[in-house]
Amino acid sequence: MTPVTFPHDDHRTPPASDPATGPEAQRGPVSVPLALPSRLTSLRLADFRNYDVLRLELDSRFTVLTGENGAGKTNLMEAVSLLTPGRGLRRAAYPEIARVGGSGGFAVQAKLLGEDGEVDIATSVRPDAAGALSRIVRINETQAKSADEMLDHLRIVWLTPAMDGLFTGPAGDRRRFLDRLVLTVDPAHGRRATDYERAMRSRNRLLSEDRGHDSWLSGIEAQMAELGLAMAIARGELVGLLQAMIAEAPADQPFPKADLLLSSGYATEDLGGPAVALEDAARERLARQRSLDRAAGRTLEGPHRADLAVTHRAKAMPAALSSTGEQKALLIGLILAHAKLVRAMSGTAPVLLLDEIAAHLDPGRRAALFDIIDGLGVQSFMTGTDASLFEALQGRAQHLRVDDGRVG
Ligand SMILES: Nc1ncnc2c1ncn2[C@@H]1O[C@H](COP(=O)(O)OP(=O)(O)OP(=O)(O)O)[C@@H](O)[C@H]1O
């Protein structure tokens, strides 16, 4: 696949900042592949939660999963969400996912169809000789070096009931949302975030030991400054682009527009300067803050302290003060903008996983949501307990009934 750089081609959505002078220019471009395959055509599961073995052919851009509580609808979405790096839409640990009474591991395999033809993506988790579960990713039956390679083929955006508290819950939830946002367009972000966390934990441990360790700390702080700034800048870029996508939505769209304000976690929000100077400043601040951080027992500044303030634009009010239904509608607006952003940046549409979405919307909003998704050209999976919630799809969807780990 030909890598292209972002911000890029004129016919796509303009970047939030000038690519010649903005932070992206200082950091180097985000590389995104072109012509991603864009539709899952089949899915196979083995020992995945309440699924023993499942083989499913997918013949529509809309897949509607209905069934009683506990049938396995969300489990199926979770399986799809594991076709991307990370822990999936429930953030579950592997032993929770492996079917009780099964082999101890699990597997998910999918075929994707796109401009490059068919691609086979498989992720399996098996116990090793010592009994520890480890994940192997295969693309076209060749073992991938890292799960990040799945992003060359498939991007996934999801909205689950667990995200209902995004505006009111802890900042960590919003940081996770930010990181998923970045990861869906910049595969390097996951590694950066993991490495930053690891370095920060090492620094906190060394500080707690209350012994010199100065040169060791300096090395760790240099790494934290580099990784942390890259994270903050990437998040800032993506929030700016998400905001641009929100602005593009038609005024009569029934999902209210949000205004987004990112705080980077650094004392200064001006991250537009030359990379070297910024990094030096961040490293020096970390060195200066050692005694404060030691007293606090943690690192007080950095991208791990970032937060996203969301405002309901029409009401000029924090989203957290909106009603439950309004918050859901705002969230849907954000997720649709996210899907559009992925499409604009990667050249193809992501797969959308919308868990229990229809029940929260009145019939007019439901119909509008289905039409917007249709217009985006994305493949979507939606769940609900009642098939009548999806009537407005009128023959556009593949309807699957889920019953105790079986799908018909
Ligand atoms: N590791 C596992 N092994 C076997 N079964 C599991 C495992 N983990 C979860 N389950 C079962 O999966 C079922 C839950 O499935 P899921 O969350 O997909 O339900 P759902 O159809 O989305 O229901 P709801 O409409 O209530 O959200 C439960 O019956 C649970 O016992």
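Residues numbered from 1 in each chain as written. Predicted model: local features only at pLDDT ≥ 70, side-chain atom pairs only at ≥ 80, totals over all residues.

Looking only at helices and strands, the protein chain features ten helices and 17 strands. Over its C-alpha atoms the protein chain spans a radius of gyration of 22 Å, differing by no more than 12% from the 22 Å that the globule rule assigns to 408 residues. Overall size of the protein chain, expressed as C-alpha extent along the three principal axes, is 65 × 60 × 40 Å. Classification of the 408 residues of the protein chain by burial places 43% in the buried group. At a minimum sequence separation of 6, the contacts of the protein chain that also span at least 24 residues come to 74%. (Helix = DSSP H or I, 4+ residues; strand = E, 2+ residues; numbered from the N terminus. Rg over C-alpha atoms; globule rule 2.2 N^0.38 Å. Buried ≥ 20, exposed ≤ 12 C-beta atoms within 10 Å, placed from the backbone. Contact = placed C-beta atoms within 7 Å.)

Next up on the list: the UniProt feature "binding site: ATP" (unreviewed entry) in the protein chain. The UniProt entry lists G67, E68, N69, G70, A71, G72, K73 and T74 under the feature "binding site: ATP" (unreviewed entry), expressed in the numbering used here. Here G67 shows up in the loop between β5 (62-66) and α2 (73-81). Leaving out residues up to four positions away in the same chain, G67 has contacts with K73, R401, V402 and D403. Within the secondary structure layout, K73 lies in helix α2. With residues up to four places along the chain from it excluded, the contact list for K73 reads L65, G67, T383 and V402. (UniProt positions renumbered as here; feature names shortened; annotations may be inferred.)

Moving on, we come to unusual backbone geometry. Phi angles above zero are rare outside glycine, and A316 is one such case at about 50 degrees. Turning to its location among the elements, A316 is positioned in the loop between β12 (307-312) and β13 (317-318). You can call A316 exposed: it has 8 C-beta atoms within 10 Å. In this model, E356 sits at a positive phi of 50 degrees, which is unusual for a non-glycine residue. As for its position among the elements, E356 is in the loop between β14 (351-354) and α10 (363-376).

The next point concerns the site of the ligand. Close to the ligand lie 18 residues, the nearest being N69, G70, K73, T74 and N75. Where the shell around the ligand is concerned, the elements lending two or more residues are α2 and α3 (94-97). In terms of residues, the shell around the ligand owes the most to one element, α2, which gives three residues. The class makeup of the residues in the shell around the ligand is five nonpolar, nine polar and four charged. (Near = placed C-beta within 6 Å. Nonpolar A, V, L, I, M, F, W, Y, C, P; charged D, E, K, R; others polar.)

What follows deals with the pairing of strand β7 (residues 117-127). Inspection of the sheet shows strand β6 (residues 106-114) paired to β7 by nine bridges, in the antiparallel sense. Across the sheet, residue Q109 finds its bridge partner in β7, namely A122. Where β7 and strand β8 (residues 133-139) come together, seven bridges link them in antiparallel fashion. Following the sheet pairing, R126 is matched in β8 by S134. Linking two consecutive strands that pair antiparallel, namely β7 and β8, is a turn of five residues; a positive phi of about 90 degrees is found at G131 within it. (Pairing = 2+ DSSP bridges.)

Below, the discussion takes up the confidence of the model for the protein chain. Overall, the predicted model of the protein chain reaches an average pLDDT of 88, with 90% of residues at or above 70. Within the model, the stretch residues 1-37 combines pLDDT values under 50 with 73 contacts to residues more than four positions away or in other chains. Listed scores for the predicted complex are pTM 0.88 and ipTM 0.99. (pLDDT = per-residue confidence, 0-100.)

Following both chains from N to C, one finds helix α9 (residues 324-346) and α10 inclined at 10 degrees, their axes separated by 11 Å at the closest point. Considering the angle they form, α9 stands roughly parallel to α10. Across the interface between the two elements, A329, I332, L336, A339, K340 and R343 of α9 pack against R365, L369, I372 and L376 of α10. Along the lines of polarity and charge, the residues of the contact of α9 with α10 split into seven nonpolar, no polar and three charged. (Axes fitted to C-alpha atoms, helices over the stretch in contact; angles between N-to-C directions. Parallel < 35°, antiparallel > 145°, perpendicular 65-115°, else oblique.)

Moving on, we get to the nonpolar core. Counting 107 residues, the largest nonpolar core has V80, L83, V108, L242, L341 and L353 as its most contacted members. In terms of residue count, helix α6 (residues 214-248) provides more of this core than any other element does, 16 residues in total. Not counting residues within four places of it along the chain, the set of residues in contact with L353 comprises M77, V80, S81, L89, I156, W158 and F381. (Core = buried A, V, L, I, M, F, W, Y, C linked by C-beta atoms within 7 Å.)

Counting through the fold element by element, E118 comes out in strand β7. Take E118: there are 12 C-beta atoms within 10 Å of it, and that puts it in the exposed class. Beyond its immediate stretch of four places on either side in the chain, E118 contacts K111, L112 and L113.

Sheets are built from strands paired through backbone hydrogen bonds, the pairs being either parallel or antiparallel. Spatially, the six strands line up as an open sheet ordered β10-β14-β15-β5-β16-β17, and their pairing is mixed. Each edge of the sheet is formed by a strand with only one pairing partner; in this case those strands are β10 (156-159) and β17 (406-407). As paired elements, β10 and β14 share four bridges and run parallel to each other. Pairing of V157 across the sheet is with L352, part of β14. Packed on one face of the sheet, α2 meets β5, β10, β14, β15 (379-384) and β16 (397-403) and runs near 155 degrees to β15. Sheet strands touched by α9: β10 and β14. Its angle to β10, the strand with the most contacts, is close to 180 degrees.

Glancing now at the pairing of β16. Here β5 runs beside β16; their pairing, made up of five bridges, is parallel. Within β16, the residue paired with F62 across the bridge is A397. Taken together, the two bridges between β16 and β17 define a ladder with antiparallel strand orientation. The residue bridging V402 from the neighbouring strand is V407, located in β17. The hairpin formed by β16 and β17 contains two residues between the paired strands, and D404 there has a positive phi angle of roughly 50 degrees.

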